Amino acid sequence: MADSFSLHNVLDKFKLCLSDNKEVYIQYYIAGWRELVSFMNSLGSVFYFISSDVVKKIQILDNYLTDENGPQYLTIQSMVKYELDNKLVDLTKGGSHPESGCRTLLRLHRALLWLQLFLESLRTSTEESKTSALCSEAYNASLAQYHPWIIRKAAGVALCTLPGRDAFFDVMNAGSHQDVITLLGEALPQISEVYQITQDLYAKNNLLDLP
Ligand code: 1PX
């Protein structure tokens, strides 16, 4: 994890995710999420309940990557094949694999859509835009549908404490506001490609509703 956060670090990791044949490396996917965790932690303790859930999920995937079957977890594609072939995924609740790699990564994958929507709205925002409003619009259009009322409520409270647009651009620590906007414009297509490849893979294997 980097000592100090910069948007560059996040985007670099997601760039590294794609192999030449368009598979998604789990190692870099979770490295991207680690950077986002360090960003969230720099926003204050009200975000810990969100970042601690992400940390748990990173840890689960990291454990798979480093245990004896680690090579099967090289890419999201190889993980899906390995876990499905070996019946390691609970397709309904109450099975014996509640923390499969597939269901754990699905949670991060859904959150990646939130990130993509949020960063895109930030990129095209104006000086009058409110980060908290952009953030909750993106949340309502993506992740919120998977969260129970109590989590949606808590997320709403946390989002109200987000810094304003100018301060937010500064925390991203990637140069002037215009630099940040340019950087987002270059990097978002890559995040979006990682998202879409994962989405298609999960859809093809009927994994989009894993409990
Ligand atoms: C470069 C700047 C961008 C800002 C980066 C911030 C990244 C935030 C990412 C939020 C990720 C949330 C992941 C949630 C995964 C999840 O859905 N987990 C739930 C289900 O898990 P389970 O194992 O039980 O099936 C879990 O219940 C989640 C709990 C935590 C609450 C999640 C609220 C999400 C709010 C999203 C708004 C984030 C605001 C960040 C501020 C910039």
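Residues numbered from 1 in each chain as written. Predicted model: local features only at pLDDT ≥ 70, side-chain atom pairs only at ≥ 80, totals over all residues. Heavy atoms only, no water.

By the naming in an unreviewed UniProt entry, the protein goes by Ceramide-1-phosphate transfer protein and is assigned to Silurus meridionalis. Of the protein, the UniProt comment under Sequence similarities (unreviewed entry) reads exactly: "Belongs to the GLTP family." (UniProt positions renumbered as here; feature names shortened; annotations may be inferred.)

### With respect to the nonpolar core
Residues Tyr29, Trp33, Ile76 and Met79 are the most contacted members of the largest nonpolar core, which totals 66 residues. Sorting elements by how many residues they give to this core places helix H9 (residues 177-204) first, with 12 residues. Tyr29 has contacts with Phe14, Cys17, Val24, Ile76, Leu105, Leu108, His109, Leu112 and Val194, leaving out every residue within four places of it along the chain. (Core = buried A, V, L, I, M, F, W, Y, C linked by side-chain atoms within 4.5 Å. Buried < 20%, exposed > 50% of the residue type's maximum accessible area, 1.4 Å probe, protein only. Helix = DSSP H or I, 4+ residues; strand = E, 2+ residues; numbered from the N terminus. Contact = heavy atoms within 4.5 Å.)

### Some words on the packing of aromatic side chains
In this description, an aromatic ring pair is defined by two values, namely the gap between the centres and the angle between the planes. Tallied over the full model, the rule gives eight aromatic pairs. Plain terms: the ring middles of Tyr64 and Tyr73 are 4.9 Å apart, the flat faces sit at 5° to each other, and that makes the pair stacked. Take Tyr64: its relative accessible area is 22%, and that puts it in the partly exposed class. One aromatic cluster is present, formed by Phe5, Phe39, Trp114, Phe118 and Phe168 through successive ring pairs. The ring of Tyr146 carries the charged tip of Arg110 above its face, separated from the ring centre by 3.8 Å. (Phe/Tyr/Trp six-rings, centres within 6.5 Å; stacked < 30°, edge-to-face > 60°. Lys NZ or Arg CZ within 6 Å of the ring centre and 35° of its normal.)

### Focus on the packing of helix H1 (residues 7-16) against helix H2 (residues 26-42)
The description of two packed helices rests on the angle between their axes and on the distance between the axes. Between H1 and H2, whose axes approach to 8 Å, the crossing angle comes to 170°. Our classification of the angle between H1 and H2 gives roughly antiparallel. Between H1 and H2, the contacting residues are Asn9, Val10, Lys13, Phe14 and Leu16 on the first element and Tyr28, Tyr29, Ala31, Gly32, Trp33, Glu35 and Leu36 on the second. (Axes fitted to C-alpha atoms, helices over the stretch in contact; angles between N-to-C directions. Parallel < 35°, antiparallel > 145°, perpendicular 65-115°, else oblique.)

### Observations regarding the state of the cysteines
All chains considered together, the criterion is met by zero disulfides. Residue Cys17 stays outside any disulfide, its sulfur separated by 16 Å from that of Cys102, the closest cysteine. Judged by its relative accessible area of 0%, Cys17 falls in the buried class. As a non-bridged cysteine, Cys135 has Cys160 as the owner of its nearest cysteine sulfur, 10 Å distant. Owing to a relative accessible area of 4%, Cys135 belongs among the buried residues under this scheme. (Disulfide = S-S within 2.5 Å.)

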